[in-house]
Amino acid sequence: MGADLHDIRYVRIGCDDLDTSVRFATDILGLELMERDGNRAYLRGDDRDHNICYTQGRESGQVTGWEVASLDALDEAAKAFEASGVTVRAGTSEERELRRVRGLIVVSDPTGNIIELVARPDACGRRYFPTRDAGILNFSHVGLHTRNPSADEAFWVRNLGGKVSDWIGDAALIRINDVHHNVALFPSTRAGIQHVNFQVESIDDIMRSFYHLQKNNVRIVFGPGRHPTSGARFLYFQGPDDIVYEYSTGVRLITAEDEKTYVPRQFPKAESSFCMWGSVPDIPEFRVPQPNGSAVARAA
Ligand SMILES: CC(C)c1ccc(C(=O)O)c(O)c1O
Ligand SMILES: [Fe+2]
């Protein structure tokens, strides 16, 4: 039995320039800056202490953080990793302090993505008050690069307790709770975070942002569109440090009742599997083979 992940908690993203990333997150994305110093900045789009921690210097790396329900559950997870031969490291007290958590263990997936499991993360008693009203409801999922889709998918299913909700080609959309997916594993040539998703309230927020981003010369890389997989309406745009951000609304929930009959669906790696409205992604990892053998990113 693998770890029992409760929810996604945070991402940590090493950035070339902290000021640029913070400005993007506040003025463009619509997050609230919670705290910052010369080396790191904490931002949020919901009632958690933070959803994103930007750290100065790309070399400080990229990490995703996942919450388990208790310190005991974290101990159980550590034992289960060890029993299945996965190297697990206990976080130091300084690392726990920087992540605002009481318990921390660290593992890597076969690709080398760093995955942190945390217990008793700080909540925030003050409501989220954004710099710009993007309609954000909550931090929801991440896309991870995978060099080895089958090995990483097996790691998420066997060791992290995930369930595949759907596949697009070899890309698995995996859930750890009742949200259609909390992580998407996207075939690539490297490790790292591919995109960071925030749920917004409505399609009006998506379209308002579409115009806001264009006005601010932010590159829209996919959408507005609608995913056939989760049913969510979406908009993807390019942020600093090679990170794509996604707003989406209306993501499908797979409830305990649905679980009884739910079977993951295999979608082909085709444009219609990414968007049911006809938007074509301008994102290298989402390129689709064309009948003439070329790979087109965006229709002219
Ligand atoms: C194209 C990416 C990996 C993708 C595909 C489907 C959904 C969804 O069903 O909501 C996503 O959120 C994605 O990021
Ligand atoms: Fe996504």
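Report on the accompanying structure.

Rules of the game
- Residues numbered from 1 in each chain as written.
- Chains lettered and ligands numbered in written order.
- Predicted model: local features only at pLDDT ≥ 70, side-chain atom pairs only at ≥ 80, totals over all residues.
- Heavy atoms only, no water.
- Pairing = 2+ DSSP bridges.
- Helix = DSSP H or I, 4+ residues; strand = E, 2+ residues; numbered from the N terminus.
- Axes fitted to C-alpha atoms, helices over the stretch in contact; angles between N-to-C directions.
- Buried < 20%, exposed > 50% of the residue type's maximum accessible area, 1.4 Å probe, protein only.
- Donors = N, O, S within 2.8 Å, 3.2 Å for Na, K, Ca; no water.
- Near = heavy atom within 4 Å.
- Polar contact = N/O pair within 3.5 Å; in protein donor to acceptor, adjacent residues only side chain to side chain.
- Areas by Shrake-Rupley, 256 points an atom, 1.4 Å probe, with all protein chains shown as cover.
- 1 Å grid on protein atoms, 1.4 Å probe; cavity = no way out; pocket = protein on both sides within 12 Å on 5 of 7 lines; lining within 4 Å.
- Sits in = over half its atoms within 2 Å of the grid points.
- Nonpolar A, V, L, I, M, F, W, Y, C, P; charged D, E, K, R; others polar.
- Contact = heavy atoms within 4.5 Å.

1. With respect to the sheet that holds strand E16 (residues 244-249)
Remark on secondary structure: sheet strands pair via backbone hydrogen bonds, oriented parallel or antiparallel.
Link 1 in the chain: Pairing in this open sheet of 9 strands is mixed, and the strands run E14-E15-E16-E13-E9-E12-E11-E10-E17 from one edge to the other. Edge positions in the open sheet fall to strand E14 (220-226) and strand E17 (265-267), since each of these has one partner strand only. Adjacent strand axes in the sheet meet at a mean angle of 20°, parallel and antiparallel pairs treated alike.
Link 2 in the chain: Examined bridge by bridge, strand E10 (residues 163-168) and strand E11 (residues 171-175) share 5 bridges and lie antiparallel to one another. In the sheet register, Ile168 faces E11, and the bridge partner there is Ala171.

2. Some words on the pairing of strand E5 (residues 62-68)
Link 1 in the chain: The buried fraction of E5 is high, at 6 of 7 residues.
Link 2 in the chain: Here strand E1 (residues 5-15) runs beside E5; their pairing, made up of 7 bridges, is antiparallel. Residue pairing in the sheet places Tyr10 in a bridge with Gly65 of E5.
Link 3 in the chain: Direction of pairing for E5 relative to strand E8 (residues 114-119): parallel, over a ladder of 5 bridges. Bridge pairing in E8 links Val63 to Ile114.

3. Description of the coordination of the iron ion (ligand 2)
For a metal with four tetrahedral donors the ideal donor-metal-donor angle is 109.5 degrees, while six octahedral donors give ideal angles of 90 or 180 degrees.
Link 1 in the chain: Bound to the iron ion (ligand 2) are the protein donor atoms His141 (NE2), His195 (NE2) and Glu246 (OE), situated 2.0 to 2.2 Å from the metal.
Link 2 in the chain: All donors of the iron ion (ligand 2) belong to a single chain; written as a sequence motif, their spacing is H-x53-H-x50-E. Highlighted residues: His141 in strand E9 (residues 136-146) and His195 in strand E13 (residues 193-200), separated in sequence by 54 residues.
Link 3 in the chain: Exposure remark for His141: the relative accessible area of 3% places this residue in the buried category.
Link 4 in the chain: On the basis of relative accessible area, His195 is assigned to the buried category, the value being 4%.

4. Structural notes on the site of ligand 1
Link 1 in the chain: Around ligand 1, 13 residues are found, and the nearest of them are His181, His195, Thr229, Ser230 and Tyr236.
Link 2 in the chain: Thr229 is positioned such that a nitrogen or oxygen atom in its side chain is 2.5 Å from an oxygen atom of ligand 1.
Link 3 in the chain: In isolation ligand 1 exposes 350 Å². Once the protein is present, 100% of that is buried.
Link 4 in the chain: More than half of the atoms belonging to ligand 1 lie within 2 Å of the grid points that define the largest cavity.
Link 5 in the chain: Tallied by class, the residues present in the shell around ligand 1 amount to 6 nonpolar, 6 polar and 1 charged.

5. Points about the sheet that holds E8
Link 1 in the chain: Here 8 strands make up an open sheet; going across it, the order is E2-E3-E4-E1-E5-E8-E7-E6 and the pairing mixed. Each edge of the sheet is formed by a strand with only one pairing partner; in this case those strands are strand E2 (32-36) and strand E6 (89-90).
Link 2 in the chain: Here E1 runs beside strand E4 (residues 52-56); their pairing, made up of 5 bridges, is parallel. Paired with Cys15 across the bridge in E4 is Gln56.
Link 3 in the chain: With respect to the sheet, helix H1 (residues 18-29) is in contact with E1, E2, strand E3 (40-44) and E4, its orientation differing from that of E4 by roughly 155°.
Link 4 in the chain: Against the sheet, helix H2 (residues 71-83) engages E5, strand E7 (103-108) and E8, with an angle of about 25° to E7.

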